[in-house]
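So the chains spell out like this:
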Amino acid sequence: MTINEAPTTVSGVPTMPSRGRLRPLGLHEVTLRPGFWQRRQEVNRSATLAHVEHWLERAGWLGNFEAAPAERRGREFADSEVYKLLEAMAWELGPAPDAELDARYRAIAGRVAAAQEPDGYLNTNFGRPGQRPRYSDLEWGHELYCYGHLIQAAVARARTFGVDELVGVAIRAADHVCDVFGPGGIASVCGHPEIEPALVELYRVTGEHRYLEQARLFVERRGRGTLADIGFGRSYFQDDLPVRAADVLRGHAVRATYLAAGAVDVAMETGDGELLNSVTRQWRNTVARRTYLTGGMGSRHQDEAFGEDFALPPDRAYSETCAGIGSVMLSWRLLLAHGDPRYADLIERTLFNVVATAVSGDGTRFFYTNTLHQRVLGTEPPAGAIVPRAASTLRAPWFEVSCCPTNLARTFASLAAYLATSDDDGLQLHQYAAARIRTALPDGREIGLEVATDYPATGRITIRITETPDTPWTLSLRVPHWAGGATLDGLTVSPGNARLRRRFSAGDVIELDLAVRPRLTGADARIDAVRGCVAIERGPVVYCVESVDLPAHVSLDALRLDPAVPLSESAEGVVASCRIVSPADQEWPYPAPSREAGARSADVILRPYHGWAGRGPSTMRVWIPAG
Ligand SMILES: [Zn+2]
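Since we're looking at a predicted model, the values are computed, not measured.

Observations concerning the overall build of the protein chain
Each helix and strand counted, the protein chain has 12 helices and 22 strands in total. Scaling as 2.2 N^0.38, a compact globule of 627 residues should have a C-alpha radius of gyration of about 25 Å, and the protein chain matches this with 24 Å. Overall, the protein chain is about 75 × 70 × 50 Å in size when its C-alpha atoms are taken along their principal axes. Burial statistics for the protein chain: of 627 residues in total, 62% are counted as buried. Across the protein chain, contacts joining residues at least 24 apart in sequence account for 67% of those joining residues at least 6 apart. Summing over all exposed atoms, the protein chain offers an accessible surface of approximately 22700 Å²; the carbon and sulfur share of this is 50%. Here the protein chain contributes 67 positively and 76 negatively charged side chains, and the mean placements of these two sets differ by 3 Å.

Set out below in structure tokens:
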């Protein structure tokens, strides 16, 4: 299609299905107020965007767009990091325009646009003299993956600003993809899914059916041995089973969650109930058997992949930051499709314990992997050095594979859109954060409210109605399953959606109280790696113990948490009573079963997992042996 045909609806919505149980709200409708998430979004805007831009220049990945082919630097997917920065900038600029940031956005978009070939092809790693031919390595080349992120960036710009140069670049690239991979073209897929959700979203922006059909083709082709077999097996890129035939997510965790998100998008736009049911089943089984307490996904380092059911070792948790983000993308789509609060429960868990963990307080250092048990002291990455992705034991400024920092940037920039939705009858609050929300229902009735809370420090959420029609509507509040229940305006409510339907008046105040207090959590006995251990959670936040909080000469290995002693709280964190045993090194570490020696008890401080490694090198564990 031509750029002039593209509509310019500025909705500010990251994901906008045309049907489904719930309707997403845009960044113009939800504004975060000071609190846990607003602080992080502000750091993202003021520090992370510039940090990422600095490193993209320094590493040469931005310069690739004008460099000679032989000078190209970085891995095969380096272009995508530039696109994710553009996406993050676009989401930031929508609700809060800023001339300086807009100029930076336009400068980068201009460099990208100048590299596009006349037929729409755009990739700095293939097709030019001295480089491999276009589409000669679909297994590992990431060409379509890069288009996916280019298109997502353009969708963000179209929905927050309107059509601009980058939107034109993305439309030309999408047309080129349809020409080359459509019916009669190359009948294959990309080794890394991502273009699937992107093409559906571009269809939603432009109304061009060809993009939806191409996304549908990519989803249908996968799983039929389309790509060459590799050492990890075809499950690595989900090419072992057709999407609709699978029961659980498998293979590379980021690839798996992106593909599943794209499959939901295709299913919603084509009315394919079988496909939607299949992904819904895969989500349920993955959450029940293949997900860490933190919401993290992926327990295999060698291929960054899901392990077998219940293979969730905490000290080998890969839990890539991007897989957490992919999980949020998938859960959000299923929440919009079905309205089931369980999806919002997992989004909350993953946001607080993977997404919030993966970035430092100042927004310039990142985890690529998110282990639940650090056995040895980490080392501070050398200042100014690019570190290999999984080798960093403390947050690092940049990685050879730097997918996670840019993914965090675009997620924080669009975070407000994940708080609330609407339907024909009212408004639903899914995540609790201080915020202002103002929207109109499909029939034009306008609703405004203010959420005041210091969640997750406490569970008190106060909602004040600021604008309401004089007809009844329904305010729906998610009561998380971790809470067991809650109090809504003095009445006990069960986990799930608590609904208030009435004729509201401006000034009405609604109080929701969630029991945010420390609790012990166990694990399915089939998760052998943590059998006999307990973890501590408080509200949606997973806690951990770090060596820097232990008395000198006490190691994490020596702690045996006594579940019979009630947990308490101090200004520093949660206090747990532990027996201190004396693990002795043995020639052969498999003696006859016996109770471990050691009688000394000590109070041990646990703090939120998302802040771990923030005070220098430490060892850390989430799961603590009980006894
Ligand atoms: Zn990543």
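Still to come is the rest of the account.
Description of the packing of helix α7 (residues 209-221) against helix α8 (residues 253-270)
α8 packs onto α7 with a crossing angle of 125° between their chain directions and a minimal axis gap of 10 Å. When the axis of α7 is compared with that of α8, the two are oblique. Crossing hand, α7 versus α8: left-handed. Of the residues in α8, those touching α7 at L212, A215, R216 and V219 are G262, A263, V266, E269 and T270. Its residues placed into classes, the contact of α7 with α8 shows five nonpolar, two polar and two charged.

What to know about the nonpolar core
Residues W37, Y147, L150, L559 and V622 are the most contacted members of the largest nonpolar core, which totals 207 residues. No other element matches the 12 residues that α8 contributes to this core. For W37, the contacting residues outside a window of four places in its chain are L32, L351, F352, A356, F412, L415 and A433.

Things to note about the pattern of salt bridges
Counted under the stated rule, the structure contains 56 salt bridges. One salt bridge in this structure joins D265 and R204, with 3.4 Å as the shortest N-O distance. Linking D265 in helix α8 with R204 in helix α6 (residues 195-206), this pair joins segments that are 61 residues apart in sequence. Using a relative accessible area of 2% as the deciding quantity, one classes D265 as buried. A salt bridge links R289 to D309; the shortest N-O distance between them is 3.0 Å. Of this pair, R289 sits in helix α9 (residues 273-289) while D309 is found in the loop between α9 and α10 (321-338), placing the two residues 20 residues apart along the sequence. Each of R159, E201, R204, D265, E269 and R333 takes part in salt bridges that share partners, so that together they form one network.

Focus on the side chain of D345
As for its position among the elements, D345 is in helix α11 (residues 341-355). Excluding residues within four positions of it along the chain, D345 makes contact with R478, P480 and H481.

Here's the deal with unusual backbone geometry
In this chain, Y455 is followed by P456 through a cis amide linkage whose omega measures 5°. By the element assignment, P456 lies in the loop between β7 (446-453) and β8 (460-467). Of note, the phi angle at H142 is positive, near 65°, even though the residue is not glycine. According to the relative accessible area criterion, H142 is buried, its value standing at 6%. The phi dihedral of D489 falls on the positive side, at around 50°, and the residue is not glycine. Tracing the chain through its elements places D489 in the loop between β10 (486-488) and β11 (491-493). The partly exposed category is assigned to D489, whose relative accessible area is 35%.

A word on the sheet that holds strand β13 (residues 509-514)
Note: strands within a sheet are paired through backbone hydrogen bonds, in either parallel or antiparallel orientation. Taken in spatial order, the seven strands line up as β2-β6-β7-β8-β13-β10-β11 in an open sheet, and their pairing is antiparallel. Taken across any chain shown, the strands that pair with only one partner, and hence form the sheet edges, are β2 (30-32) and β11. With direction set aside, neighbouring strand axes in the sheet form an average angle of 20°. Both β10 and β11 contribute to a ladder of three bridges, which runs antiparallel. Note that in β11 the partner of T487 across the bridge is T492.

Procedures and definitions
- Residues numbered from 1 in each chain as written.
- Predicted model: local features only at pLDDT ≥ 70, side-chain atom pairs only at ≥ 80, totals over all residues.
- Heavy atoms only, no water.
- Helix = DSSP H or I, 4+ residues; strand = E, 2+ residues; numbered from the N terminus.
- Rg over C-alpha atoms; globule rule 2.2 N^0.38 Å.
- Buried < 20%, exposed > 50% of the residue type's maximum accessible area, 1.4 Å probe, protein only.
- Contact = heavy atoms within 4.5 Å.
- Areas by Shrake-Rupley, 256 points an atom, 1.4 Å probe, with all protein chains shown as cover.
- Lys, Arg positive; Asp, Glu negative; His and termini not counted.
- Charge placed at Lys NZ, Arg CZ, Asp CG, Glu CD.
- Axes fitted to C-alpha atoms, helices over the stretch in contact; angles between N-to-C directions.
- Parallel < 35°, antiparallel > 145°, perpendicular 65-115°, else oblique.
- Left-handed = near helix turned anticlockwise from the far one by under 90°.
- Nonpolar A, V, L, I, M, F, W, Y, C, P; charged D, E, K, R; others polar.
- Core = buried A, V, L, I, M, F, W, Y, C linked by side-chain atoms within 4.5 Å.
- Salt bridge = Lys/Arg side-chain N within 4 Å of Asp/Glu carboxyl O.
- Pairing = 2+ DSSP bridges.

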